[in-house]
Amino acid sequence: SVGGAASSKAGKPKPPDKGSFPLDHFGECQELMKKYMKCVKANKGSTILCRDETKAYLECRMQHDLMAKEDLKKIGFKDEVDVEELLDRAKKDQDRRDEKIAKGYVAGLRRPRS
């Protein structure tokens, strides 16, 4: 038969490999994604205060096999989070980026050889 070889390989679908991020064609997690994006916009691009939205969105994707199931602790979600510490770290990171830009750094450009 024409489809015999392909049909013999058919089986239970498996979640995508780690690192792949398929599109949510059926919009199963769309509302959570919108909440996350709204939070990021409200926090001027910072994701630190959007951890709950991030966690909910990732859990939804895992539940709908849109990403490989992973223990959230392994991808940075601890039970207790010191938000002040995270904000302080983010501010220091932003200050370092601003300092580099002020000195003329442009991402992707090589430094001239001396």
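Provided above is the structure to which this section pertains.
Treat the numbers as computed from the prediction; the structure is a model and nothing was measured. (Residues numbered from 1 in each chain as written. Predicted model: local features only at pLDDT ≥ 70, side-chain atom pairs only at ≥ 80, totals over all residues. Heavy atoms only, no water.)

Q: Help me out: how do you make sense of the overall build of the chain in this one?
A: Broken down by element type, the chain carries 4 helices and 0 strands. Each helix and strand of the chain, placed in order from N terminus to C terminus, yields the pattern α-α-α-α. Within the chain, the proportion of its 114 residues that are buried is 16%. If you take every contact in the chain between residues at least 6 apart in sequence, the share linking residues at least 24 apart comes to 58%. For the chain, the computed accessible surface area is about 9900 Å², with 54% contributed by carbon and sulfur atoms. (Helix = DSSP H or I, 4+ residues; strand = E, 2+ residues; numbered from the N terminus. Buried < 20%, exposed > 50% of the residue type's maximum accessible area, 1.4 Å probe, protein only. Contact = heavy atoms within 4.5 Å. Areas by Shrake-Rupley, 256 points an atom, 1.4 Å probe, with all protein chains shown as cover.)

Q: I keep staring at the packing of aromatic side chains and nothing clicks. Help me out?
A: Taken as a whole, this structure holds 0 aromatic pairs when the rule is applied. Over the face of the ring belonging to Y105 we find K100, whose NZ or CZ atom lies 4.5 Å from the ring centre. (Phe/Tyr/Trp six-rings, centres within 6.5 Å; stacked < 30°, edge-to-face > 60°. Lys NZ or Arg CZ within 6 Å of the ring centre and 35° of its normal.)

Q: It is not clear to me how the state of the cysteines should be interpreted in this structure. Could you clarify?
A: Simply put, disulfide is the name for a covalent bond between the sulfur atoms of two cysteines. Counting across every chain of the model gives 2 disulfides. Between C29 and C60 runs a disulfide, and the two sulfur atoms are separated by 2.1 Å. For the disulfide bridge between C29 and C60, the dihedral angle about the S-S bond is near -90 degrees, and by the sign convention the bridge is left-handed. Placement of the pair is C29 in the loop between α1 (4-8) and α2 (30-42) and C60 in helix α3 (residues 51-63), with a sequence separation of 31 residues. C60 shares its class with C29; the two are buried. (Disulfide = S-S within 2.5 Å.)

Q: Looking at this model, I keep getting lost on the nonpolar core. Mind explaining?
A: Most often, soluble globular proteins keep nonpolar side chains buried together rather than apart. L58, M62, M67, L72 and F77 form the largest nonpolar core, which has 5 residues in total. Contact partners of L72, with chain neighbours within four places excluded, come to K55, E59, M62 and F77. (Core = buried A, V, L, I, M, F, W, Y, C linked by side-chain atoms within 4.5 Å.)

Q: For this particular structure, what's the right way to read unusual backbone geometry?
A: Peptide bonds are mostly trans, and most non-glycine residues show a negative phi. Although it is not a glycine, K44 adopts a positive phi angle of roughly 55 degrees. Mapped onto the elements of the fold, K44 is located in the loop between α2 and α3. Given the relative accessible area of 81%, K44 is considered exposed. For D65, which is not glycine, the phi dihedral falls at a positive 55 degrees. Mapped onto the elements, D65 comes out in the loop between α3 and α4 (83-102).

Q: Any chance you could explain the pattern of salt bridges here in plain terms?
A: Side chains carrying opposite charge are able to pair once their charged atoms draw close together. The final tally for this structure, using the stated rule, is 7 salt bridges. When the shortest N-O distance is used, the salt bridge between K92 and D88 registers 3.4 Å. Here the residue K92 and the residue D88 both occupy positions in helix α4, the gap between them amounting to 4 residues, near one helical turn. On the basis of relative accessibility, which here comes to 46%, the residue K92 falls in the partly exposed class. Across the salt bridge formed by E99 and K103, the nearest N and O atoms sit 3.5 Å from each other. By relative accessible area, K103 is classed as exposed at 67%. (Salt bridge = Lys/Arg side-chain N within 4 Å of Asp/Glu carboxyl O.)

Just distances and angles here, no functional claims.
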